[in-house]
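Here is what each chain is made of, one letter per residue.
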Amino acid sequence: MTRLKTLTVVHPEPGYRTFETSVFLVGAVSVGNGLKMEVNQGEPFSVDATASGYFSQQIDLIDGENMLLLQEVDQGDHVLETLSLEIIRERPKAVLSKKILDVELESVTLQGTVIVQPGEEITMGFQATPGAQVSVQVPGFSDVPAAFQEQQHLAFIDNRRTIFAQLHQTTHRIPGKGYYQGSFTVPSLMAELMPTNLTVPVTALVSDGEEAQSIDLPATITVWEGARKATLTATNPDGRIVCRTGPGDHFARLTPQCNGVPVWVDGLQHGYYRLRFSQNRIVWVEKKSVCFTSFEPQSNPLPVSTAVLPLIEVQTDSANKSTLRLPLNHPVPLEIQVAEQTLTLTLFDTVSGCDFIREAMGASPICHVGWQQTDPTTVELTVDLQDASAGYDYGFDDSGFWLQVKTLSANPMDTVILLDPGHGGEETGTKGPSGLPEKDLNLTVAMLFQEALQAAGFANVHLTRTDDSEVSLFDRQATAQKTEADLILSLHHNALPDGRDPQAVQGASCYYYHSFSKPLARKLQQALVTDAGCPDYGLFYDSLFLPRIHMGVSVLIELGFFTHPDEFERLCDPAFQKQAVSALVVGLKRYLSI
C-alpha cells in the first residue's frame, strides 16, 4: 500500500456540502510528522496521528461556509505544508416569513397522484406561514377540518437508520416552526357528492385573520369505489416484485412476488400502490417497480378466490434438496417465513381442495407437510425439515407452484461456498486515510479467505469477482444461483456517515436477514472477536441485498471501520488480515460442526 508523502485529506473534498452539524476529516501526514488544525480562524489545535501518519478528526460546523486550515509540522513544530479546505453546512429551508401567506411546496408530504377509497382518512403535512390559520380544501369533500394544527416539535426518523440510532444517535428533523399537520376523510356517499373516479386537486388556504391566500398543493386525489384486479410484471432484473408493509422505502420488506401474479389494487400514495392479497392482507409496491399487463374493472367487495389447491407433492432432488409442488390453476400472491427447521408458506387468493399428499421416499430434507385454511381465501402450509434450513427458492411454471428447500450436505467439506468481495470497478466503496479504496482490501481479504478455505479442505469455493471489475448486485445473486452456493459470505469494511465521531466507533460486525442465516452470522462474529481480537461492533439483522439472497445461508461481514485511523492501520496489516481470515475459517467450521 502506497500513498503520497504529503499532507492528504481523503474526506471531505473541497467544497463539500452536508446538512449535518458536524463532519469528520480523514487523511494522512508523512510518518513521524504532526498535524495542526484551525477551524473558522479559531485557536489552532493539534490532531493525533497513528504511527503510519493516519488521522481522523470530528469538526463541529456552523451554518454556511466553514474554513479549515491544516498544517503538517515536523517534530520541531516547523510548518512543512499547508492545506485550506472549505466545507458548506447547508442551512435548513428558511421558515416562511410571517409577512407572506404561503406554503413551501417541496415540504408537502403527500405529492403526486393519490388514489383512495370512500371513507378513507388522508393525513398530510407541510410547512406554511408560522402562526397562520391553515385549512385544506378538496372539491366535493365535506368534512375537511377547519384548520390544520401547527406542530411545535415534529421529528421524522429514517427507519432504515433507526437500527443504529442508539449507536449513531441519528435523527432527522423538519423544523417544527411553521409546520402544519392534519387529516381529512373521504366522504362515503360518493353518489351524492361527486362521481367516482373523478380526479380533483388539493388546495391549501392560508390566512392571518385579515387576508387569505389560496395555494394549489402538488397533489391530486382520485377516488375509487372498490378495488381493481391487475396482473403484475416486475421491472427488476430478477423478475421479482418487492413488497413492503407501507408506502415508502423506509417500510419493511415482505416476500417478493413472482411475475404474472394477479392482485387487487385499491390505492396509491407516495408513489406506492396498495395491493390486497386477500380480504385481510394489504401490502404496498412501488409504482415504478411494476407494470400492469392487465387491468380489470373494479369490484367491491373482492370476489371469492378462484385458485384451488388440489394436492401436494414432495419430490426428492438429492440427499439435501427437495421440491414441494402445488398444481395451482393460476399464480397467487404468497409469503414465505423460514425458521431454523420449519418453513411456512402462505398462499393468498387460494382455497384448499387437498385430500391427497404424496410424500417423498428415501432421504429427503422434508420430513412432513401440513396445511390449514386460515380464512376463506388463505391457505397456510407448514413444511418441517430434517435438519436446519440452508436456503430455498420458489416460482411458478406450467405445472403450478414449486418451492425447493435445501439443507447442508451431510459431508461438510462438500459445502459450496461463495465469497463476495464488495464493490469493484467504479464502485469503490469507502476510502481510508491513505486513500485506499475499500474495494481493494475487500478483494485482498476475499482471496486470502479462499486460499485458507481451500487449505482447510473445502474444494468448492468461488468468488463473485477476482479482479477490479464492477459486478452488479443482481449479477452477484446470479452467481449464487449458478454455483448453487450453500454459504454466501459478502466481505466489506465499514465507515461512518457525517455527524459521527470517527474516533468513537470501531469493530467488526456481521449482518443477516433470514433467520436461518443468523447461526452462521453469530459464529463468525464470535470468532472475529475471540479469535482475531476484533472489537465487537455487534450482530445485526439488516435488510441488505446480499443477506436477502434466500438460495443459501447468506451473511455480510464488516471487518472494521476505515474511518477509525488506528483500526484502518490494523486492517491494512497483512498479519492481521491473515489472523482475521483464520478466525473466519474457525467460525465457519464451528457452524458446520467440524
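Draft legend 1. Local environment of the overall build of the protein. Secondary structure assignment for the protein yields nine helices and 42 strands. Relative to its full complement of 594 residues, the protein shows a buried share of 50%. The long-range fraction of contacts in the protein, counting pairs at least 24 apart against all pairs at least 6 apart in sequence, stands at 70%. When the accessible area of the protein is evaluated, it comes to approximately 26300 Å², of which 49% is carbon and sulfur surface.

Draft legend 2. Structural view of the confidence of the model for the protein. When pLDDT is averaged across the protein, the result is 88; 89% of the residues are at 70 or more. Below a pLDDT of 50 lies the segment residues 153-176, which in the model reaches 47 contacts outside its immediate sequence neighbourhood of four places, other chains included. With pLDDT under 50 throughout, residues 190-194 is counted as low confidence; its partners more than four residues away or in other chains account for eleven contacts.

Draft legend 3. Quick look at the side chain of D266. Positionally, D266 belongs in strand 22 (residues 261-269). Classification of D266 by relative accessible area gives buried; the value is 3%. In this structure the side chain of D266 is engaged in a polar contact, spanning 2.6 Å, whose partner is the side chain of R276. If sequence neighbours within four positions are ignored, D266 has contacts with I115, Q117, W224, G226, A227, R274 and R276.

Draft legend 4. Layout of the packing of aromatic side chains. In the structure shown here, the tally under the stated rule is 13 aromatic pairs. Ring centres of Y54 and F568 lie 5.1 Å apart, and the angle between their planes is 70 degrees; on these two criteria the pair is classed as edge-to-face. Here the residue Y54 occupies a position in strand 6 (residues 54-60), and F568 occupies one in helix 8 (residues 565-571), the gap between them amounting to 514 residues. Like F568, Y54 is buried.

Draft legend 5. Spatial organisation of the sheet that holds strand 9 (residues 103-104). Pairing in this open sheet of four strands is antiparallel, and the strands run 9-11-16-13 from one edge to the other. The strands lining the two open edges of the sheet, one partner per strand, are strand 9 and strand 13 (149-151). Direction of pairing for strand 13 relative to strand 16 (residues 179-185): antiparallel, over a ladder of three bridges. Across the sheet, E150 pairs through a bridge with Y180, a residue of strand 16.

Draft legend 6. Region of interest: the layout of surface pockets. What the largest pocket holds in volume is close to 930 Å³. If you trace the largest pocket, you find 33 residues lining it, with L254, T255, P256, Y513 and R548 closest to the centre. Elements that contribute at least two residues to the lining of the largest pocket include exactly strand 20 (240-244), strand 21 (253-258), strand 29 (334-338), strand 35 (389-397), helix 5 (473-483) and helix 7 (545-548). Looking at the lining of the largest pocket, its residues break down into 15 nonpolar, nine polar and nine charged.

Draft legend 7. Seen up close, the packing of helix 4 (residues 438-455) against helix 9 (residues 574-591). For the pair helix 4 and helix 9, interaxial distance at closest approach is 9 Å and the crossing angle is 50 degrees. Taken together, helix 4 and helix 9 sit at an angle that is classed as oblique. Every pair of crossing elements has a handedness; the one defined by helix 4 and helix 9 is right-handed. Across the interface between the two elements, L441, T444, V445, L448, F449, A452 and L453 of helix 4 pack against Q577, V581, L584, V585 and L588 of helix 9. Of the residues in the contact of helix 4 with helix 9, the class split is ten nonpolar, two polar and no charged.

Draft legend 8. Main features of the nonpolar core. By size, the foremost hydrophobic cluster in this structure holds 91 residues, and its most contacted members are L326, L345, L381, L403 and I557. For this core, the leading source of residues is helix 9, giving eight residues. Ignoring sequence-local partners within four residues, the contact set of L326 consists of L309, L311, I312, L345, L347, L381, S399, G400 and F401. Counting residues in each nonpolar core, the second largest holds 27 residues, with M124, V186, V202 and A219 among its members.

Draft legend 9. Up close: the pattern of salt bridges. Throughout the structure, instances matching the rule amount to 17 salt bridges. Measuring nitrogen to oxygen at the nearest pair gives 3.6 Å for the salt bridge that ties R240 to D393. Of this pair, R240 sits in strand 20 while D393 is found in strand 35, placing the two residues 153 residues apart along the sequence. Linking D486 and K406 is a salt bridge whose minimum nitrogen-to-oxygen distance equals 3.2 Å. Taken together, the residues D486 in the loop between helix 5 and strand 39 (487-494) and K406 in strand 36 (residues 400-407) connect sequence positions 80 residues apart. We classify D486 as buried; its relative accessible area is 6%. What you see here is one network of salt bridges that share partners, running through E120, D266, R274 and R276.

Draft legend 10. Fine view of helix 5. By the burial criterion, the buried members of helix 5 are R476, Q477, A480 and T483. Take helix 5 and look down its axis: the buried residues cluster within an arc of 135 degrees, on one side only. Following helix 5 by one or two positions, E484 has its phi on the positive side, about 55 degrees.

Draft legend 11. Local environment of the pairing of strand 42 (residues 553-561). Burial analysis of strand 42 places nine of its nine residues in the buried class, which makes it a mostly covered element. In this structure, strand 39 lies alongside strand 42, joined through seven bridges in parallel fashion. Along strand 42, the bridge assignment pairs S490 with L556. Relative to strand 42, strand 40 (residues 508-512) is paired through three bridges, and the arrangement is antiparallel. Bridging across to strand 42, C510 finds its partner in I557.

Parameters at a glance
- Residues numbered from 1 in each chain as written.
- Predicted model: local features only at pLDDT ≥ 70, side-chain atom pairs only at ≥ 80, totals over all residues.
- Heavy atoms only, no water.
- Helix = DSSP H or I, 4+ residues; strand = E, 2+ residues; numbered from the N terminus.
- Buried < 20%, exposed > 50% of the residue type's maximum accessible area, 1.4 Å probe, protein only.
- Contact = heavy atoms within 4.5 Å.
- Areas by Shrake-Rupley, 256 points an atom, 1.4 Å probe, with all protein chains shown as cover.
- pLDDT = per-residue confidence, 0-100.
- Polar contact = N/O pair within 3.5 Å; in protein donor to acceptor, adjacent residues only side chain to side chain.
- Phe/Tyr/Trp six-rings, centres within 6.5 Å; stacked < 30°, edge-to-face > 60°.
- Pairing = 2+ DSSP bridges.
- 1 Å grid on protein atoms, 1.4 Å probe; cavity = no way out; pocket = protein on both sides within 12 Å on 5 of 7 lines; lining within 4 Å.
- Points joined across faces, edges and corners; volume = space filled by probe spheres on them.
- Nonpolar A, V, L, I, M, F, W, Y, C, P; charged D, E, K, R; others polar.
- Axes fitted to C-alpha atoms, helices over the stretch in contact; angles between N-to-C directions.
- Parallel < 35°, antiparallel > 145°, perpendicular 65-115°, else oblique.
- Left-handed = near helix turned anticlockwise from the far one by under 90°.
- Core = buried A, V, L, I, M, F, W, Y, C linked by side-chain atoms within 4.5 Å.
- Salt bridge = Lys/Arg side-chain N within 4 Å of Asp/Glu carboxyl O.
- Arc of directions from axis to C-beta.

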